[in-house]
Amino acid sequence: MHVLETKDLTLAYGDQIIIDHLNITIPYGEITVLIGSNGCGKSTLLRSMARLLKPQSGAILLDGETMMKLPTKDIAKKLAILPQGPVSPEGLTVLQLVKQGRYPYQKWYQQWSSKDEEIVQNALQSTGMAELSERLVDSLSGGQRQRAWIAMTLAQDTNTILLDEPTTYLDLTHQIEVLDLLFELNEKEKRTIVMVLHDLNLACRYAHHIIAVKDKTVFAHGKPEDIVNRKLVQNVFNLDCEVVADPVFGTPMCVPYGKGRNLNGVKDNIVPVHA
Amino acid sequence: MQLHNRNRKIAGLVLGFVLLLIVNFLSLVLGYTDLTINTVIDAFNHFDGSNEHIIIQDVRLPRALIGTVVGASLAIAGALLQALTRNPLASPDILGFNAGASFFIVIALMLFSITSLQATTWIAFLGATIAGLLVYFLGSIGRDGMTPIKMTLSGAAIAALFGSLTQGLLVMDESALDQVLFWMSGSVQGRKLEILLSVLPYIVIGIIIALAMANKINILTMGDDVAKGLGQRTGFVKLTAGIAVILLAGGSVAIAGPIGFIGIVVPHVVRTFIGNDYRWIIPYCGILGGIFLVIADIGARYVLMPEEVPVGIMTALVGIPFFIYIARKGGKLA
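Residues numbered from 1 in each chain as written. Chains lettered and ligands numbered in written order. Predicted model: local features only at pLDDT ≥ 70, side-chain atom pairs only at ≥ 80, totals over all residues. Heavy atoms only, no water.

- The name given to chain B in an unreviewed UniProt entry is Iron ABC transporter permease, with the source organism recorded as Lysinibacillus telephonicus.
- Per UniProt, the comment on chain B under Subcellular location (unreviewed entry) is "Cell membrane".
- UniProt annotates chain B under Sequence similarities (unreviewed entry) with the comment "Belongs to the binding-protein-dependent transport system permease family. FecCD subfamily." (UniProt positions renumbered as here; feature names shortened; annotations may be inferred.)

- As recorded by an unreviewed UniProt entry, chain A carries the name ABC transporter ATP-binding protein and is attributed to Lysinibacillus telephonicus.
- In UniProt, chain A has this text filed under Subcellular location (unreviewed entry): "Cell membrane".

**Here we look at the pattern of salt bridges**
Phase 1: In total, this model carries 13 salt bridges over all chains according to the counting rule given.
Phase 2: The partner of A:R102 in a salt bridge is A:D116, with the nearest N and O atoms 2.8 Å apart. Of the two residues, A:R102 sits in the loop between α3 (94–99) and α4 (114–126) while A:D116 sits in helix α4, which places them 14 residues apart along the sequence.
Phase 3: A:R102 sits in the buried class, given a relative accessible area of 1%.
Phase 4: Residue A:D116 is classed as buried on the basis of its relative accessible area, which comes to 6%.
Phase 5: As a salt-bridge pair, B:R63 and B:D297 come within 2.9 Å of each other at their nearest N and O atoms. Of this pair, B:R63 sits in helix α3 (residues 51–85) while B:D297 sits in helix α12 (residues 278–302); the two residues are 234 residues apart in sequence, bridging distant segments of the chain.
Phase 6: Of the residues examined, B:D297 reaches a relative accessible area of 2% and is grouped as buried. (Salt bridge = Lys/Arg side-chain N within 4 Å of Asp/Glu carboxyl O. Helix = DSSP H or I, 4+ residues; strand = E, 2+ residues; numbered from the N terminus. Buried < 20%, exposed > 50% of the residue type's maximum accessible area, 1.4 Å probe, protein only.)

**Observations concerning the interface of chain B and chain A**
Phase 1: On the chain A side, the residues contacting the 20 residues of chain B number 25 residues.
Phase 2: Across the chain B/chain A interface, buried area totals approximately 1,800 Å², and carbon plus sulfur atoms make up 55% of it.
Phase 3: Of all residues in chain B, B:M222, B:D225 and B:L230 bury the most surface against chain A, accounting for 32% of the area lost on that side.
Phase 4: Summed over the shared surface of chain B and chain A, the number is one salt bridge.
Phase 5: A:R47 is paired through a salt bridge with B:D225; the nearest N and O atoms lie 2.3 Å apart. (Contact = heavy atoms within 4.5 Å. Buried area = accessible area lost by both parts, 1.4 Å probe.)

**A short note on the packing of aromatic side chains**
Residues and elements named next belong to chain B.
Phase 1: Counting across every chain of the model gives nine aromatic pairs over all chains.
Phase 2: Measuring from centroid to centroid gives 5.7 Å for F103 and F104, while their planes differ by 90°, and the two rings are edge-to-face.
Phase 3: A ring pair is formed by F125 and Y202, whose centres lie 5.3 Å apart and whose planes are at 75°; its orientation type is edge-to-face. With F125 in helix α5 (residues 117–140) and Y202 in helix α8 (residues 193–220), this residue pair connects regions lying 77 residues apart in the sequence. The same class applies to F125 and to Y202, which are both buried.
Phase 4: A connected cluster of aromatic rings, assembled from ring pairs, spans F103, F104 and F162.
Phase 5: It is R233 that lies over the ring of F236; its NZ or CZ is 5.1 Å from the centre. (Phe/Tyr/Trp six-rings, centres within 6.5 Å; stacked < 30°, edge-to-face > 60°. Lys NZ or Arg CZ within 6 Å of the ring centre and 35° of its normal.)

**A closer look at the domain arrangement of chain A**
Interface size is commonly expressed as the accessible area that is lost once the parts come together.
Residues and elements named next belong to chain A.
Phase 1: Here the domain parsing of chain A yields domain 1 (1–70 + 159–174 + 188–274) and domain 2 (87–158).
Phase 2: One C-alpha centre belongs to domain 1, the other to domain 2, and the line joining them spans 28 Å.
Phase 3: With nine residues of domain 1 at the interface, the matching set in domain 2 holds 10 residues.
Phase 4: Across the interface of domain 1 and domain 2, roughly 740 Å² is buried in total on both sides, 54% from carbon and sulfur atoms.
Phase 5: Considering only the surface of domain 1 that becomes buried against domain 2, I161, H174 and R191 emerge as the three largest contributors, covering 47% of it.
Phase 6: Taken together, domain 1 and domain 2 are joined by zero salt bridges. (Domains from an automatic or database assignment.)

**A look at the UniProt feature "domain: ABC transporter" (unreviewed entry) in chain A**
Phase 1: Under the UniProt annotation, the feature "domain: ABC transporter" (unreviewed entry) is placed at residues 4–240 of chain A.
Phase 2: Secondary structure within residues 4–240 of chain A divides into 35% helix and 26% strand; the distance between the first and last C-alpha atoms comes to 33 Å.

**Quick notes on helix α4 (residues 97–111) of chain B**
Phase 1: Compared with the 21 Å implied by 1.5 Å per residue over 15 residues, the 21 Å span of α4(B) between its first and last C-alpha is a close match.
Phase 2: Among the 15 residues in α4(B), 14 count as buried, and that is most of the element. (Expected span 1.5 Å × (residues − 1).)

**Considering the UniProt feature "transmembrane region" (unreviewed entry) in chain B**
All names here are of chain B.
Phase 1: Per the UniProt entry, the sites bearing "transmembrane region" (unreviewed entry) are residues 12–32, 64–83, 95–114, 120–139, 192–214, 235–261, 281–304 and 311–328 in this numbering.
Phase 2: Here residues 64–83 runs as 100% helix and 0% strand, with 29 Å between its end C-alpha atoms.
Phase 3: Measuring from the first to the last C-alpha atom of residues 281–304 gives 35 Å, for a span that is 92% helix and 0% strand.

**Describing the pairing of strand β4 (residues 57–62) of chain A**
Residues and elements named next belong to chain A.
Phase 1: Pairing of β4 with strand β5 (residues 65–66), which is carried by two bridges, proceeds in the antiparallel orientation. Within the sheet, the bridge partner assigned to L62 lies in β5 and is E65.
Phase 2: Taking the residues that link successive antiparallel strands as the turn, the β4-β5 hairpin has two residues, and the phi of D63 there is positive, at about 50°. (Pairing = 2+ DSSP bridges.)

**Examining the packing of helix α6 (residues 148–172) of chain B against helix α7 (residues 177–185) of chain B**
All names here are of chain B.
Phase 1: Interhelical geometry of α6 versus α7 gives an angle of 175° and a closest axis separation of 10 Å. Relative to α7, the element α6 lies roughly antiparallel. Two secondary-structure elements touch here, α6 through T166, Q167 and L170 and α7 through L177, V180 and M184. (Axes fitted to C-alpha atoms, helices over the stretch in contact; angles between N-to-C directions. Parallel < 35°, antiparallel > 145°, perpendicular 65-115°, else oblique.)

**Regarding the environment of A:I24**
Residues and elements named next belong to chain A.
Phase 1: Turning to its location among the elements, I24 is positioned in strand β2 (residues 16–27).
Phase 2: Judged by relative accessible area, I24 falls into the buried class, the value being 5%.
Phase 3: Along the chain, I24 and T6 lie 18 residues apart, while their C-alpha atoms are 5.4 Å from each other.

**Section: the sheet that holds strand β10 (residues 217–222) of chain A**
Residues and elements named next belong to chain A.
Phase 1: Pairing in this open sheet of six strands is mixed, and the strands run β6-β7-β8-β3-β9-β10 from one edge to the other. The two strands at the open ends of the sheet, each matched to only one other strand, are β6 (79–82) and β10. The sheet shows a mean angle of 15° between the axes of neighbouring strands, direction not considered.
Phase 2: When strand β3 (residues 31–35) meets strand β9 (residues 209–214), the two strands line up parallel, connected through four bridges. Within β9, the residue paired with V33 across the bridge is I210.
Phase 3: Contacts from helix α9 (residues 230–237) reach β3, β9 and β10, with the element oriented near 40° to β9.

**Notes on the environment of A:V228**
All names here are of chain A.
Phase 1: Take V228: it is sitting in the loop between α8 (224–227) and α9.
Phase 2: Placed 41 residues apart in sequence, V228 and E187 show a C-alpha to C-alpha distance of 23 Å.
Phase 3: Excluding residues that lie within four positions of it along the chain, V228 makes contacts with L200, C204, I210, V243 and P252.

Put into structure tokens, the structure is as follows:
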């Protein structure tokens, strides 16, 4: 079962084609991570899947229906998007922020129901933000702030959540904090999660499915352990590396070649022949 | 000092309304011709045709009411613009709306001798729209799109352009000085009640739109992408709110000329009291804007007694330090 798929999708900014005639499907109930080098169009692809960018041609299908033909509020009940580096208005509390996630369900005659309240409380609980709900969003740490925004997307009560680089600007601790949360949401609540990540090793650890974007199309997609290898990294990132199994998790781990200190003394491997 | 609880916010609104009534009443009493409270009451209950009663009914009453309506409109227009552009320095005067409306009125007045109230009002809307569009396009040129600083700069440029064009027209025809002067600084004095009444319907529509859009504007202030993701048709919201701004700013100029700084000062003061919820910001701006302009107008009678200064100069005296303060804060919404 697929909730999201692209059909002959072409994306462009003006004359510049970013994604060219792409057909992919996002697996239901799994974590999918888009990877690729800077400017390869992975964020653009994600944004278009959240209807933030109109396709130049082709279509994105949500539950089999062309997205651009669906009422945008109906989409907001099935799919949530957390854009990159969202900025909350000053003076907003966590609770106020999370409540905004109920916007697609509000009608002019009914602003707030007990169901809204319940879903907001659940979103605060499952992101661990319940105790911080009265705090100002500005006063939170980077990781907490990102969790507050994720809670807002949870309040949208959608099966699918898209996130554009949810770990950018976060230190390692907070990156793990955010990714653990997303992993749990997928495990416990079976939410389909699609995100853009920069860190290939974290992508391999948390993703069930990886989509590698290169040259306006998808270079490869599949389970990280099936597709992430030396060749893929060379092609997608133009980087020579060794891919080994993560000693703790067993997922693919990329060790880039390059300069730097080498305590093993294997001088031959330091700077291999580039393509 | 923020009012968090809903009841307190309502209480604050009621208190503000009472204050608005009080300053309106003071505006009837205070001035070059000092009047007593009893005279004011008599002027409405037992009008006797005396000078004092005429002053109250024909001069001071229109002046107080115009101050209230124009102050409210400009403050609400400023709050809307700040939300739409995500720019804390935005307001109808700084983004050139007022200067544009003024210039078009002066053109109509001097070159086409248009003086009818309805025509003047629509010309003001046209001028505000053109100025707004110009600033929008100028401020959006370049790679990084519309930034607060570019928008403020292009607003200042457009305001200066229309201001100097208005002055330029004066050179062509000095006899129009009296008329044109009014459209250069703005004043609530010497305007008849019928002017207010003819523009009031548009302003009321603008205020109703602003109140109805308040919750949608809350969503919009979280950024375009977030708002779209939540299922908002952001283009529609911006267009509708933009129409409200034009009705409010253009309408204000049609009544009182270009009065500055209310649109920037009042929304910021309001935010420090009640936070960032536009469902409260809009009504509070309405009431506080009215109070602010009526007080400024009372002040304008005393600064150079027996002469009066245009109220636009009074609001600038308060507004400029404030503007600098907000700019120094680094462009964050208070």
